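Listed below are the residues making up each chain.
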Amino acid sequence: METLKDKILSSYVAFENNMNINSAVHDIRSKALENFEKLGFPTKKLEAWKYTSLNSLLKNDYSLFPDRGRSIELADVKKYFIHDIDTYKVVFIDGKYSSFLSETTHDNFDVCLMSSALTKPKYKAIIENYFNKAAKQDNLTSLNTAFASEGAYIYIPKNIEVQKPIQIINFTTGSEAATMIQPRNLIVVEDNAHVQIIERHQSLTTNEVLSNVVTEVFAARNATIDYYKIQNDELNASLVDNTYIKQETNSEVAVHTFSFGGNITRNNLNFFQNGEHINSILKGITIIEGKQHVDHHTLVHHIEPNCESHQDYKGIFNERSTGVFNGKVVVEKEAQKTNAYQQNNNVLISDKATINAKPQLEIFADDVRCSHGCTIGQLDDDALFYMQQRGISEKQGRGLLMFAFANTVLESVRIPEVKSRITKLIANKLNVNIGFEV
Amino acid sequence: MLKIQNLHAEIEEKAILKGLNLSVNAGEVHAIMGPNGAGKSTLANIIAGKEEYEVTQGSIELNNEDLNELAPEERAHAGVFLSFQYPVEIPGVSVTNFIKTAINETRKAKGLEDMPAKDMLKKIREKSELLEIDRKFLSRSLNEGFSGGEKKRNEIFQMAMLEPKLAILDETDSGLDIDALKVVANGVNKLKSKDNAVILITHYQRLLDYIVPDYVHVLHDGKIVKTGDASLAKELEAKGYDWIKKELV
Ligand SMILES: Nc1ncnc2c1ncn2[C@@H]1O[C@H](COP(=O)(O)OP(=O)(O)OP(=O)(O)O)[C@@H](O)[C@H]1O
Ligand SMILES: [Mg+2]
């Protein structure tokens, strides 16, 4: 039987037919394909994939270049947007741009499509400077790069503070077959500029979906970026999110990842600090059940002195769900006065649930403050009794305690509508009537 | 209102209460004093329904209903309130949201609708004024980083909000400064009526200057070994517990 890898490799010729093969970008693609051909899909033999197996997903016969999916009505998908505020939107259906659902701009900055950025001369310089410049050349990133053709392209020039958040949403409709999509996003934020981004992947089908996404983010001097990833997909949808963030002096980038849905979710979140006084913030809430699996692999690479990183991941695992947290922090010899903080707290609700948590600190500088803490526990019985004593039922009390446990991560969310949406999702997910407005 | 007969209880096979009797009627204030480790908090926790303690003998009734059969939240719905000796910190839930949830869950158990937001706010305002609590305080996470005295004051604020029938205050006075003690005592007195009752667990006579008890009990080695009026507390303050222990042998 033809494996998914074979199928992908043999589809490349057809893919190339629609591309301009005499471009620098296409050279990058071809090299990436060679790389993928050599590496193949990750297996459990790789240390980084020890606890996450993609085998069950690779058996599916994915449609790699799905036809333009059925059109979708705004009313049917409105709930997947943050719709109570004005936002820019870059929306894709089965990997193809939906102008109908999108709201882009070229005013003083670009919120548009990767397919234009990769082909139009106007964007050539930026693509040459940034495209594939932060991404690692590992298996799945290479696979994405080989087929990189569509996604969100966001370019914010110097000194511009984008007032409205930008939503990037990928819908899949795969009405006939399992679907694999590989969105490729590029976000470049120049000196003193600011932007907020919300990213979401949403299956609208009962067929299997596999998304292998690569997002490259560049934060120049003094830039600030707030990035929210809402992972609340259907149980037939799996996601590999590869995000690479390169920061320069004085920049601050915060990524919040909310993982509630999906079948298998793997987050590879990588920060590279190229400058001083950089702040990198990585936060996550994972709440899963059934046989769901969420894996957070984070990397913060401290390269220069006087920088900070703050990681705070909370997980609640019910039934047979499984979680992985692997937080790697590298502090280079030159990176003195680094302040790296990492916290990972987990609650196992069922005795069948598992979490594999591993901090990985590689510190080559001597004058640094690095702290890490990892807990795996059950709910606090004394706190539960306290709540019951005040008239709150055991079930509600448990829900409220889990809610409270997760909720502290939301303090750093800067878009109130995102905060209240996530709060509601959490309350829903935990089946708790929080009994108050948020 | 509360009737405890021959109560024996243990934890991890260690007997703590050893045949305790106590009756409290509506409208009364009872003080329970006694040396460290005598079993005072244990008694309070057992009345509130903490599961770790195993009742091996005897009965606890509230208004003729067997409390042993009820879950902690059901006891709360029946009107039992315990101000904890060591209130638990719950990060992530604000005082306001916690008390709203507690009130509405209690109402739900009684088949009532949620309290209208307007009434809730009014009540929160009234009770926080009564206990001289800064409103900003109410949006902080429950007990997290509160000083010892702030925790105790917050317990009594919750009591004021919930208006229990039987309030057990376990060393609520410990940790309160003199002014705070007056405020809290005044709050408790305002809430007192002929329909409810208060049990004060304390080590210090001073609290009893402000909230005057009808009865003072001495709990020693798992039993109530002496009962008197408010003057007993003064005597204990002056003489300690040794003379009572001697009386027993
Ligand atoms: N969870 C527990 N596990 C083991 N022993 C316990 C537990 N809780 C209480 N005890 C023991 O029971 C006895 C009574 O404790 P309790 O807390 O009721 O005393 P107390 O009268 O409230 O004392 P204090 O005045 O110091 O507050 C003590 O010896 C205590 O160590
Ligand atoms: Mg005690």
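The text that follows walks through the structure, step by step, so that each part is easy to find. (Residues numbered from 1 in each chain as written. Chains lettered and ligands numbered in written order. Predicted model: local features only at pLDDT ≥ 70, side-chain atom pairs only at ≥ 80, totals over all residues. Heavy atoms only, no water.)

## Let's talk about the side chain of Thr338(A)
Residue and element names in this part refer to chain A. The test is simple: Each helix corresponds to a stretch of at least 4 residues labelled H or I by DSSP, and each strand to a stretch of at least 2 residues labelled E; elements are numbered beginning at the N terminus. When accessible area is computed with a 1.4 Å probe and restricted to protein chains, residues below 20% of their type maximum are described as buried, those above 50% as exposed, and intermediate ones as partly exposed. Contact definition: two residues touch when any of their heavy atoms are within 4.5 Å.
Take Thr 338: it is sitting in the loop between β17 (322-331) and β18 (339-348). Take Thr 338: its relative accessible area is 1%, and that puts it in the buried class. Setting aside anything within four residues of it in sequence, one finds Thr 338 in contact with His 302, Glu 304, Asn 306, Cys 307, Val 331, Asp 367, Val 368 and Arg 369.

## Thoughts on the layout of surface pockets
Residue and element names in this part refer to chain A. As a reminder, the rule being used: Throughout, the protein atoms alone are placed on a 1 Å grid, and a set of points is a cavity if a 1.4 Å probe fits but cannot get out or a pocket if it is open with protein on both sides within 12 Å along at least five of seven lines; lining residues have an atom within 4 Å of a point. Grid points are joined across faces, edges and corners, and a volume is the space filled by probe spheres set on the points. Classes in brief: Ala, Val, Leu, Ile, Met, Phe, Trp, Tyr, Cys and Pro nonpolar; Asp, Glu, Lys and Arg charged; the others, Gly included, polar.
Here the largest pocket is characterised by a volume of approximately 910 Å³. Forming the walls of the largest pocket are 38 residues, and the residues nearest its centre are Phe 15, Met 19, Phe 147, Ser 149 and Glu 150. Among the secondary structure elements, those contributing two or more residues to the lining of the largest pocket are α1 (4-17), α2 (24-39), α5 (114-119), α6 (124-130) and β6 (179-181). Here the lining of the largest pocket is built from residues that sort into 19 nonpolar, eleven polar and eight charged. In this structure, the second largest pocket spans a volume of roughly 550 Å³. Along its surface, the second largest pocket is lined by 28 residues, and Ala 48, Lys 136, Arg 266, His 297 and Asn 326 are the ones closest to its centre. Listed by contribution, the elements that provide at least two residues to the lining of the second largest pocket are α7 (139-146), β13 (264-274), β15 (293-302), β17 and β19 (354-363).

## Quick word on the packing of helix α8 (residues 381-389) of chain A against helix α9 (residues 394-407) of chain A
The relative placement of two packed helices is expressed as an angle between their axes plus a distance between the axes. All names here are of chain A. To keep it simple, the criterion reads: Each axis is a line fitted through C-alpha atoms, and for a helix only the stretch in contact is used; angles between axes span 0 to 180 degrees, taken between their N-to-C directions. Angles are sorted into four bins: roughly parallel if under 35 degrees, roughly antiparallel if over 145, roughly perpendicular if 65 to 115, and oblique for all others. Left-handed describes a crossing whose near helix is turned anticlockwise from the far helix by less than a right angle; the clockwise case is right-handed.
One can describe the packing of α8 onto α9 by two numbers: an axis separation of 9 Å at closest approach and a directional angle of 125°. Here α9 runs oblique to α8, going by the angle between their axes. Where α8 crosses over α9, the handedness of that crossing is right-handed. Across the interface between the two elements, Ala 383, Leu 384, Met 387 and Gln 388 from α8 touch Glu 394, Gly 397, Arg 398, Leu 400 and Leu 401 from α9. Looking at the contact of α8 with α9 residue by residue, the class counts come to five nonpolar, two polar and two charged.

## Things to note about a negative patch on the surface
Condition: Patch construction takes residues with relative accessible area above 30% that form no salt bridge. Like charges are linked within 9 Å, and nonpolar side chains (Val, Leu, Ile, Met, Phe, Trp, Tyr) are linked within 5 Å. Computed with the Shrake-Rupley method and a 1.4 Å probe, the accessible areas treat only the protein chains shown as cover for residues. When a carboxyl oxygen of Asp or Glu lies within 4 Å of a side-chain nitrogen of Lys or Arg, that pair is called a salt bridge. By the counting rule applied here, Lys and Arg register as positive and Asp and Glu as negative, while His and the ends of each chain are not counted. A single reference atom marks each charge: NZ on Lys, CZ on Arg, CG on Asp, CD on Glu.
Residues Glu65(B), Asp66(B), Glu69(B) and Glu74(B) make up a contiguous surface patch of negative charge. By the element assignment, Glu69(B) lies in the loop between β5 (65-66) and α2 (72-77).

## Focus: helix α3 (residues 95-109) of chain B
Residue and element names in this part refer to chain B. Put simply, the rule reads: Multiplying one less than the number of residues by 1.5 Å gives the expected span of a helix.
Compared with the 21 Å implied by 1.5 Å per residue over 15 residues, the 21 Å span of α3 between its first and last C-alpha is a close match. Burial analysis of α3 places eleven of its 15 residues in the buried class, the great majority of the element. Turning to α3, its buried residues number three or more, namely Val 95, Thr 96, Asn 97, Phe 98, Ile 99, Thr 101, Ala 102, Ile 103, Asn 104, Glu 105 and Thr 106. Directly beyond the C-terminal end of α3, a positive phi value near 80° is found at Gly 111.

## Remarks on the coordination of the magnesium ion (ligand 2)
Residue and element names in this part refer to chain B. Inclusion rule: Coordination here is defined by N, O and S atoms within 2.8 Å of the metal (3.2 Å for Na, K and Ca), and since water is not considered, a site can look incomplete.
With distances of 2.0 to 2.2 Å, the protein atoms coordinating the magnesium ion (ligand 2) are Ser 41 (OG) and Gln 85 (OE1). Here Ser 41 is found in helix α1 (residues 40-48), whereas its partner Gln 85 is found in the loop between β6 (80-83) and β7 (90-94), with 44 residues between them in sequence. You can call Gln 85 buried: its relative accessible area is 17%.

## As for the sheet that holds strand β14 (residues 279-288) of chain A
Residues and elements named next belong to chain A. Heads up, the rule is: When DSSP locates at least two bridges between a pair of strands, those strands are taken to pair.
Strand order in the open sheet formed by ten strands is β2-β1-β5-β8-β10-β12-β14-β16-β18-β20, and the pairing between neighbours is mixed. Strands at the two margins of the open sheet, each flanked by one partner only, are β2 (96-97) and β20 (369-377). Summarising the sheet, strand β10 (residues 224-231) and strand β12 (residues 252-259) pair through eight bridges and their orientation is parallel. Directly across from Ile 225, in β12, lies its bridge partner Val 253. Its contacts with the sheet place α9 against β14, β16 (308-317) and β18, and it is angled at close to 160° to β16.

## Some thoughts on the pattern of salt bridges
Pairing is possible between side chains of opposite charge, provided their charged atoms come close. Going through the model one piece at a time under the given rule, you end up with 28 salt bridges over all chains. For Lys89(A), the salt bridge identified is with Glu103(A), shortest N-O distance 3.5 Å. Note that Lys89(A) is positioned in strand β1 (residues 88-93) and Glu103(A) in the loop between β2 and β3 (110-113), a separation of 14 residues in sequence. A relative accessible area of 31% means that Glu103(A) is categorised as partly exposed. In this structure, the salt-bridge partner of Glu155(B) is Arg390(A), at a minimum N-O distance of 2.9 Å. Residue Glu155(B) is located in helix α5 (residues 148-162), and its partner Arg390(A) is located in the loop between α8 and α9; the two belong to separate chains.

## Concerning the site of ligand 1
Residue and element names in this part refer to chain B. Keep this limit in mind: Nearness of a residue to a molecule or strand requires only that one of the residue's heavy atoms be within 4 Å of it. Two N or O atoms form a polar contact when they lie within 3.5 Å of each other; inside protein one atom must be a possible hydrogen donor and the other a possible acceptor, and for residues adjacent in sequence the pair counts only when both atoms belong to side chains.
Surrounding ligand 1, one finds 16 residues, the nearest of these being Gly 37, Lys 40, Ser 41, Thr 42 and His 203. At a separation of 2.8 Å, an oxygen atom of ligand 1 approaches a polar side-chain atom of Lys 40. For ligand 1, an oxygen atom lies 2.5 Å from a polar atom in the side chain of Thr 42. Protein contact buries 67% of the 640 Å² of open area that ligand 1 shows by itself. For the shell around ligand 1, the element with the highest residue contribution is α1, accounting for three residues. Taken together, the residues of the shell around ligand 1 sort by class into five nonpolar, seven polar and four charged.

## Describing the packing of aromatic side chains
Residues and elements named next belong to chain A. Heads up, the condition is: In this scheme Phe, Tyr and Trp rings, the latter by its six-membered ring, pair at centre separations within 6.5 Å, and the angle between planes marks the pair as stacked below 30 degrees, edge-to-face above 60, and tilted otherwise. Charge-over-ring placement is defined geometrically: NZ (Lys) or CZ (Arg) within 6 Å of the ring centre, and within 35 degrees of the ring normal.
In this structure the tally under the stated criterion is 17 aromatic pairs over all chains. Through successive ring pairs, a cluster of aromatic residues spans Tyr 12, Phe 15, Phe 65 and Phe 147. Between Lys 314 and the ring centre of Phe 405, over which it is positioned, the NZ or CZ distance is 5.0 Å. In this arrangement the basic side chain of Arg 390 is found over the ring face of Tyr 386, its NZ or CZ atom lying 4.6 Å from the centre.

## Considerations on the pairing of β6(B)
Residues and elements named next belong to chain B. The alternating pattern of β6 places Val 80 and Leu 82 and Phe 81 and Ser 83 on opposite faces, both of which are buried. Examined bridge by bridge, β6 and strand β9 (residues 166-170) share four bridges and lie parallel to one another. Residue pairing in the sheet places Leu 82 in a bridge with Ile 168 of β9.

## Structural notes on empty space enclosed by the protein
Residues and elements named next belong to chain A. Taken as a whole and assessed by the stated rule, the structure comprises six cavities of 30 Å³ or more. Volume-wise, the largest cavity comes out at about 80 Å³. Looking at the largest cavity, the residues that line it are His 201, Ile 230, Gln 231, Asn 232, Asp 233, Ala 237, Ser 238, Leu 239, Gly 261, Gly 262, Ile 264 and Thr 265. Secondary structure elements with two or more residues in the lining of the largest cavity: β10, β11 (237-248) and β13. Of all the elements, β11 adds the most residues to the lining of the largest cavity, at three residues. Considering only residue class, the lining of the largest cavity consists of four nonpolar, seven polar and one charged.

## Examining the interface of chain B and chain A
This is how the line gets drawn: Buried area: the accessible surface (1.4 Å probe) lost by two parts on joining, summed over both.
Contacts between chain B and chain A engage 33 residues on the former and 22 residues on the latter. Summing both sides of the interface, chain B and chain A together bury roughly 2,300 Å²; the carbon and sulfur share of this comes to 62%. With its nearest N and O atoms 2.8 Å apart, the salt bridge here joins Lys50(B) to Asp382(A). Counting across the interface, chain B meets chain A through 14 residue pairs in polar contact (both at pLDDT 80 or more). Contributions of two or more residues to the side of chain B that touches chain A are made by α1, α2, β6, β7, α3 and α5 of chain B. In terms of residue count, α3(B) provides more of the side of chain B that touches chain A than any other element does, eight residues in total.

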